[in-house]
Structures are given as structure tokens and as C-alpha cells.
Amino acid sequence: MADAEVATAAVEGEAPEAADEAPKKPVDPDFEPEIIVFACHYCAYAAADLAGSMRLQYPTNIRMIKLPCTGKLEVIHLLKAIEAGADGVYAAGCLEGECHYLKGNLWARKRVTHVKDLLAEVGIEPERVEMFNMSSAQGARFAEVATEFTERIKALGPNPLRREGVDTHAAAREALGDVAMPDDTAPSAATSEEGHAE
Ligand code: FES
């Protein structure tokens, strides 16, 4: 099985092969990870704007994709980002109890946990995927999470599925299809029903 197929195969229940035996790579001090952030429009995306307004520093390693709610994020979206070679991926949703679609962030947390389990099964560090919660007023938390997660991924080293010439951000965005929002667009008048992926 090709390396790039390992993560997706886990979803389909195929037995992992070579990924179990992947040796640990030595830490490269020059390694600059590519990190995809699936950011809820209402909270994390707004918190990033606030962090910018506050002139808070955070790593440029993170690249965001705006969502109407993290509840729109499916397991396959997270796996596709990893499969494309993203070194780290996290979902950033509203505080628990404050999701505009009620339980979207709770669904997202469950899916992130499931993806962690799948990655562990195929020999990829589950720490590469995470879920965070924050409010739109938490610009400092946004910067802190981005900084700490980037440090975590630097310590882990490159994603073993990383390939030369693959634009991880574009691949992750493409996998999302219509779920991803243009960077300069507010969410449409979605109902709470639409905000949930389930
Ligand atoms: Fe922000 Fe659901 S996570 S609206």
C-alpha cells in the first residue's frame, strides 16, 4: 500500500502495513511544519483577526480554512489533510455550550478523537490532530494555541506522508468542497440544522 493511501485506508477498515514500522525521524531544528487550521467563522477566525489587531505574534506555519461551524468537519476532511502531507491539523471551534449550531463543536471533538485513534492504528502520531475551543474575544488564546501547537509539531517532525510539491492547504480545502468558506465571506443564513454535519 502506498504511504499516501494509509490514512484513508484506515477509514475503510483496511489493515495497515508499512506505517506500523515507520522509524522515528531525528528532530530537524530547521523544520518548519505546515499546519492546517479548520477555524469556525464565529470564534477562531474572529479571534485570529483580533490577535492581528492586538499585534500578537504567532507562527506563520498555520494556514486557516474558514468554516461556518466545526460541526461541518467530517473525519474524512481531517484525514485528507493528513494524507496530503499536512504536518499538523487542528479544529478551532466555539467554546462548549456556545456553538451557534448548538452541538457542532461537540461533534467536531468526537471526530477529532476518532481520527486520533485511526492515526494511531496506522502508526502516525495522534498528536498531529487536535481540537481547541475559544471565543471570538480570545485573541491571546488564539495566538497561544497556534504557538503551542506549532511547537508540538516541530518536536514530532515531518508527517511521514508529506510529499514534495503537494499544496496541503489547497488539498485540504478541495476535500472540503462547498463546506469551506471564502476568506472574506460571512456565513450564509444557515439554520441550526445546516450547521450540523450530523
Ligand atoms: Fe462555532 Fe459551531 S463551532 S458555530
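In this text the structure is predicted, and so the values were computed from the model without any measurement. (Residues numbered from 1 in each chain as written. Predicted model: local features only at pLDDT ≥ 70, side-chain atom pairs only at ≥ 80, totals over all residues. Heavy atoms only, no water.)

## Some details on the overall build of the protein chain
- Looking only at helices and strands, the protein chain has seven helices and four strands in total.
- Reading the protein chain from its N end, one meets helices and strands in the order α-β-α-β-α-β-α-β-α-α-α.
- Taking all 198 residues of the protein chain together, the buried fraction comes to 48%.
- Taking as baseline every contact in the protein chain between residues at least 6 positions apart, the subset at least 24 positions apart corresponds to 83%.
- When the accessible area of the protein chain is evaluated, it comes to approximately 9,600 Å², of which 50% is carbon and sulfur surface. (Helix = DSSP H or I, 4+ residues; strand = E, 2+ residues; numbered from the N terminus. Buried < 20%, exposed > 50% of the residue type's maximum accessible area, 1.4 Å probe, protein only. Contact = heavy atoms within 4.5 Å. Areas by Shrake-Rupley, 256 points an atom, 1.4 Å probe, with all protein chains shown as cover.)

## Focus on the sheet that holds strand β2 (residues 62-67)
- Spatially, β2-β1-β3-β4 is the arrangement adopted by the four strands of the open sheet, whose pairing is parallel. Of all the strands in the sheet, just β2 and β4 (129-133) have a single pairing partner and so form its edges. On average, adjacent strands in this sheet sit at an angle of 20 degrees to one another, irrespective of strand direction.
- Note that strand β3 (residues 88-93) and β4 share five bridges and pair parallel. Each residue of the ladder has a partner; that of Tyr 90, found in β4, is Glu 130.
- Together, β3 and β4 form the strand contacts of helix α4 (residues 104-121), whose direction differs from that of β4 by roughly 160 degrees.
- Here helix α6 (residues 168-176) sits on the sheet in contact with β1 (35-40) and β2, set at roughly 15 degrees to β2. (Pairing = 2+ DSSP bridges. Axes fitted to C-alpha atoms, helices over the stretch in contact; angles between N-to-C directions.)

## Observations regarding the nonpolar core
- In terms of nonpolar packing, the biggest core is built from 27 residues, with Phe 38, Leu 78, Val 89 and Leu 176 touching the most fellow members.
- Counting only elements with at least two residues in this core, the list comes to β1, β2, α3 (75-83), β3, α4, β4 and α6.
- When near neighbours in sequence (up to four residues on either side) are disregarded, Val 89 contacts Ile 36, Phe 38, Leu 78, Ala 81, Ile 82, Arg 128, Val 129, Glu 130 and Phe 149.
- Counting residues in hydrophobic clusters, the runner-up holds 23 residues, among them Ala 39, Cys 43, Ala 51 and Tyr 90. (Core = buried A, V, L, I, M, F, W, Y, C linked by side-chain atoms within 4.5 Å.)

## Observations regarding the environment of Ser 135
- If you trace the backbone, Ser 135 turns up in the loop between β4 and α5 (139-156).
- As for Ser 135 and Cys 40, which are separated by 95 residues in sequence, their C-alpha atoms are 10.0 Å apart.
- Excluding residues within four positions of it along the chain, Ser 135 makes contact with Cys 43, Ala 47 and Leu 95.

## Structural notes on the packing of α3 against α4
- Viewed as axis vectors pointing N to C, α3 and α4 meet at an angle of 45 degrees, and their least axial separation amounts to 9 Å. Taken as axis vectors, α3 and α4 run oblique relative to one another. Pair α3 / α4 crosses with right-handed handedness. Facing α3, whose interface residues are Val 75, Leu 78, Leu 79 and Ile 82, α4 presents Arg 111, Val 112, His 114, Val 115, Leu 118 and Leu 119.
- Of the residues in the contact of α3 with α4, the class split is eight nonpolar, one polar and one charged. (Parallel < 35°, antiparallel > 145°, perpendicular 65-115°, else oblique. Left-handed = near helix turned anticlockwise from the far one by under 90°. Nonpolar A, V, L, I, M, F, W, Y, C, P; charged D, E, K, R; others polar.)

## What to know about the confidence of the model for the protein chain
- In this model, the protein chain carries an average pLDDT of 85, and 79% of its residues clear a pLDDT of 70 or more.
- Note that pLDDT drops below 50 for residues 187-198; the model gives that stretch 25 contacts with residues more than four away or on any other chain. (pLDDT = per-residue confidence, 0-100.)

## Brief notes about unusual backbone geometry
- A positive phi angle is found at Arg 55, which is not glycine, with a value near 55 degrees.
- Relative to the helices and strands, Arg 55 is located in the loop between α2 (44-53) and β2.
- Despite not being glycine, Leu 102 has its phi angle at roughly 75 degrees, a positive value.
- Looking at where Leu 102 falls in the secondary structure, it is placed in the loop between β3 and α4.
- The exposure class assigned to Leu 102 is exposed, which follows from its relative accessible area of 60%.

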